[in-house]
Amino acid sequence: MALIEGQTIIEYGLLVDFAELFETTNTFENGGREFLLVRNDAIDEVTITIDKVIEDISIQGYGELTKSTNAFILESDATCLLGTFPIAPYNEDDGIVTFTIADYESVFVAVLTLG
């Protein structure tokens, strides 16, 4: 499992540095302002799954909600932006979010934080 380092987006923008994936399961630090930018250069679609750590969450004004696992299908030769990720349903105790991309060859990711 690899920890993908975050990059901060500031007022003037950001030249994104994509990380190549070498493992199915990867992680990133989450403060609630992070996005996951995923580029699929593969010839097939890929499924990106964001792991949740709790299933039921109470949100003021909404009451008790059930959180489902987030899975996103990304077509070949496409890019998507996922997030942000609320801390309660996604963060492990150490502030880490885990995501899985089963067929990760030719898939690149960047973790972007709003600065």
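Remember, predicted model here, so these are calculated numbers, not experimental data.

S.K.: Help me understand the overall build of the chain, please; the structure alone is not making it clear to me.
M.R.: The number of helices and strands found in the chain is 1 helix and 12 strands. In the chain, the order of α-helices and β-strands from amino to carboxyl end is β-β-β-β-β-β-β-β-β-β-α-β-β. Taken over the C-alpha trace, the chain has a radius of gyration of 14 Å; the compact-globule value for 115 residues is 13 Å, and the two agree within 12%. With the C-alpha coordinates aligned to their principal axes, the bounding extent of the chain is approximately 40 × 35 × 25 Å. When burial is assessed residue by residue, the chain has 33% of its 115 residues classed as buried. If you take every contact in the chain between residues at least 6 apart in sequence, the share linking residues at least 24 apart comes to 78%. Accessible area of the chain: about 6,900 Å², with a carbon and sulfur share of 49%. Each charge class in the chain can be summarised by its mean position, and for the 4 positive and 21 negative side chains these summaries are 7 Å apart.

S.K.: Help me understand the environment of Gly115 in this model?
M.R.: When you line up the elements, Gly115 lands in the segment after strand E12 (107-114). A relative accessible area of 75% means that Gly115 is categorised as exposed. For the pair Gly115 and Glu34, spaced 81 residues apart in sequence, the C-alpha to C-alpha distance is 9.7 Å. Not counting residues within four places of it along the chain, the set of residues in contact with Gly115 comprises Thr8, Ile9 and Arg33.

S.K.: Can you help me understand the sheet that holds strand E11 (residues 96-101) in this one?
M.R.: Pairing between the strands of a sheet comes from backbone hydrogen bonds, and it takes one of two forms, parallel or antiparallel. Pairing is mixed in the open sheet, where 5 strands are placed in the order E1-E4-E11-E6-E9. Whereas interior strands pair on both sides, the edge strands pair on one side only; in this sheet they are strand E1 (2-3) and strand E9 (70-74). Where strand E6 (residues 46-50) meets E11, 3 bridges bridge the pair, whose relative direction is antiparallel. Along E11, the bridge assignment pairs Ile48 with Ile101.

S.K.: Help me understand the side chain of Asn91 in this model?
M.R.: Relative to the helices and strands, Asn91 is located in the loop between helix H1 (87-90) and E11. At 2.6 Å, the side chain of Asn91 forms a polar contact with the side chain of Asn30. Contacts of Asn91, omitting those with residues within four sequence positions, involve Asn30, Val53, Ile96 and Val97.

S.K.: Sorry if this is basic, but what is going on with a nonpolar patch on the surface here?
M.R.: A cluster of nonpolar side chains, Ile59, Tyr62 and Leu65, forms an exposed patch at the surface whose accessible area comes to about 310 Å². Along the chain, Leu65 falls in strand E8 (residues 63-66).

S.K.: What should I look at first to understand the pattern of salt bridges in this one?
M.R.: In total, this model carries 1 salt bridge according to the counting rule given. The shortest N-O distance in the salt bridge between Arg39 and Asp41 comes to 3.2 Å. Of the residues examined, Asp41 reaches a relative accessible area of 39% and is grouped as partly exposed.

S.K.: Could you clarify how one ought to interpret a negative patch on the surface in this entry?
M.R.: Taken together, the side chains of Glu5, Glu29, Glu92, Asp93 and Asp94 present a region of like negative charge at the surface. When you line up the elements, Glu92 lands in the loop between H1 and E11.

About the criteria used
Residues numbered from 1 in each chain as written. Predicted model: local features only at pLDDT ≥ 70, side-chain atom pairs only at ≥ 80, totals over all residues. Heavy atoms only, no water. Helix = DSSP H or I, 4+ residues; strand = E, 2+ residues; numbered from the N terminus. Rg over C-alpha atoms; globule rule 2.2 N^0.38 Å. Buried < 20%, exposed > 50% of the residue type's maximum accessible area, 1.4 Å probe, protein only. Contact = heavy atoms within 4.5 Å. Areas by Shrake-Rupley, 256 points an atom, 1.4 Å probe, with all protein chains shown as cover. Lys, Arg positive; Asp, Glu negative; His and termini not counted. Charge placed at Lys NZ, Arg CZ, Asp CG, Glu CD. Pairing = 2+ DSSP bridges. Polar contact = N/O pair within 3.5 Å; in protein donor to acceptor, adjacent residues only side chain to side chain. Patch = residues over 30% accessible without salt bridge, like charges linked within 9 Å, V, L, I, M, F, W, Y side chains within 5 Å. Salt bridge = Lys/Arg side-chain N within 4 Å of Asp/Glu carboxyl O.

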